[in-house]
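In case you want the letters, here they are:
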Amino acid sequence: MYVTLEPLMSVSEKSLTHEHVPCPFCGLLCDDLQIRIANGDIKIIAGGCTRSENGFATTGDDSPRIAGETVTLDLAINHAAELLGNARRPLIGGLETDVRGMRAALALADRIGAALDHTHGENLQRNLRVLQDRGWITTTLSEVRNRADLIVVLGSALFTSFPRLVERIFAPPTTMVDDALQNRRLIVLGGRSDWPVPETQIPLEYIPAPMESMGEIVSVLRCLIDERPIQAATVAGMNIDSLQPLAERIRQASYGVMIWSTGALKGDHPDLTVQCISELITDLNREQRFAGLPLAAGDGDVSAYQACTWQTGYPLRVDLASGKPVYDPYHLSTARALADGADALLWVSSFDTTHEPPDTTVPTVVLGRNGMQMTREPEVFIPVGVPGLNHAGTVFRGDAVVSLPLRQLVDSSLPAAAEVVQAIRTRIESQEVPC
């Protein structure tokens, strides 16, 4: 829920304060920010974090470019339409946008026969493979906040990726269940030992463990919980006896939760680690309540696969070249599609100036946030607005169960990615560009 204290006005006009502002820059989608805008400066008064401070900062040139030369928006759209309309095997990547932007990308892909993948496509697939193969038992951020008595976090990197995880979910000021925090315990298994420990009123314990061996560690933990014999004294350099207290706490939990982000799981096969976690949770639910919570990275990844699923039946890595959706999570990764002959790339990155397209000689059209940093100048660059800052929009939260409306905070001449993608499709369909 959000509240507008005053009507939207130009950033150059008087001071304006917005309350309950949703932040789109990580998967938590915190919706309690207070932001003051005065004389073009945006200042987060309450609810800020490192990611929101960077995300709401406005920088960069608003001018479109063709081969590095400044041009009008109309010329840039024409050139992009010509390039994409003539391509035989186009690829639409990045997809860091809101739901409307993703729907526009799907419509364009259908028109030009393109394949689609997200910046975080590989991390998404690591979870989806397990979900598709075996199913899983998961919960939501709201359930964790209000009911969990044991929270096991795999990897301290989550506290960097989601800076307000403790403040908003693990140890909030209030919960719907009165005594939810009374017996809650937070255990961090693995990751860097020098991570900034968050301030929290609930007991916190850190167990050092190598992230690249988390699958083996979780498998041993599963055996300990099930009291099965183990023919080894150590796992991944850890004394197995050191995991026994954690196994006992998991057994005694009334509502336990294990949380991970696939981006933090290292090693050759993180999807097998996710499978081990899922099987452990399935075992526990024979006699108690325990759930998993995979957290998506953000940057519109959940919005992209949700929209793709309800429109094509498949969660990204879909090719529409044959006139029907073809799902291939291996061959349709961005890297492999480019290596296998994609002849044009449309890259969409609305949130983060550092998420540049892959370094490729394939002609590339970039719809990116102004100020975007790129190693190689693309054929066409069109700056687009940020959902939740320059224009309104809708994005899904990292637990994939809630979508939140984003609001426009400042006046902006920057078009939304959806508007630019739709304009490119319209130019192609007007037959100004042969297809």
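For the structure, check the block above.
Before going into details, it helps to say that this report is about the structure given with it. The structure presented is a predicted model; accordingly, all values stated were derived computationally and were not measured. (Residues numbered from 1 in each chain as written. Predicted model: local features only at pLDDT ≥ 70, side-chain atom pairs only at ≥ 80, totals over all residues. Heavy atoms only, no water.)

**Brief notes about the pairing of strand 9 (residues 185–189)**
With 4 of 5 residues buried, strand 9 lies mostly within the body of the structure. Sheet topology note: the strand 8 (residues 150–154)/strand 9 ladder contains 5 bridges and is parallel. If you follow Ile151 over to strand 9, its bridge partner there is Leu186. Across 4 bridges, strand 9 lies against strand 10 (residues 204–207) in parallel orientation. Its bridge partner lying in strand 10, Val188 is registered against Tyr206. (Buried < 20%, exposed > 50% of the residue type's maximum accessible area, 1.4 Å probe, protein only. Helix = DSSP H or I, 4+ residues; strand = E, 2+ residues; numbered from the N terminus. Pairing = 2+ DSSP bridges.)

**Side note on helix 8 (residues 214–225)**
Taking 1.5 Å as the rise per residue, helix 8 with 12 residues should run 16 Å; its terminal C-alpha atoms sit 16 Å apart, in good agreement. Of the residues making up helix 8, those classed as buried are Met214, Gly215, Ile217, Val218, Val220, Leu221, Leu224 and Ile225. Residues of helix 8 that are buried in the fold lie against strand 8, strand 9, strand 11 (234–235), strand 12 (238–239), helix 9 (244–252) and helix 10 (270–284). Glu227 sits one or two residues past helix 8 and shows a positive phi near 60°. (Expected span 1.5 Å × (residues − 1). Contact = heavy atoms within 4.5 Å.)

**Considerations on the sheet that holds strand 9**
Reading across from one edge, 10-9-8-13-14 is the order of the 5 strands in this open sheet, with parallel pairing throughout. Looking at the sheet topology across the chains shown, the edges are occupied by strand 10 and strand 14 (289–294). Going across the sheet, the axis of each strand differs from the next one's by a mean of 15°, ignoring polarity. The sheet strands contacting helix 9 are strand 8, strand 9, strand 10, strand 13 (255–260) and strand 14, and the helix crosses strand 9 at an angle near 140°. (Axes fitted to C-alpha atoms, helices over the stretch in contact; angles between N-to-C directions.)

**A short note on the side chain of Asn370**
For Asn370, the position within the fold is in the loop between strand 18 (364–369) and strand 19 (380–384). Beyond its immediate sequence surroundings of up to four residues, Asn370 is in contact with Thr59, Gly60, Asp61, Asp62, Thr353, Pro383, Val384 and Leu414.

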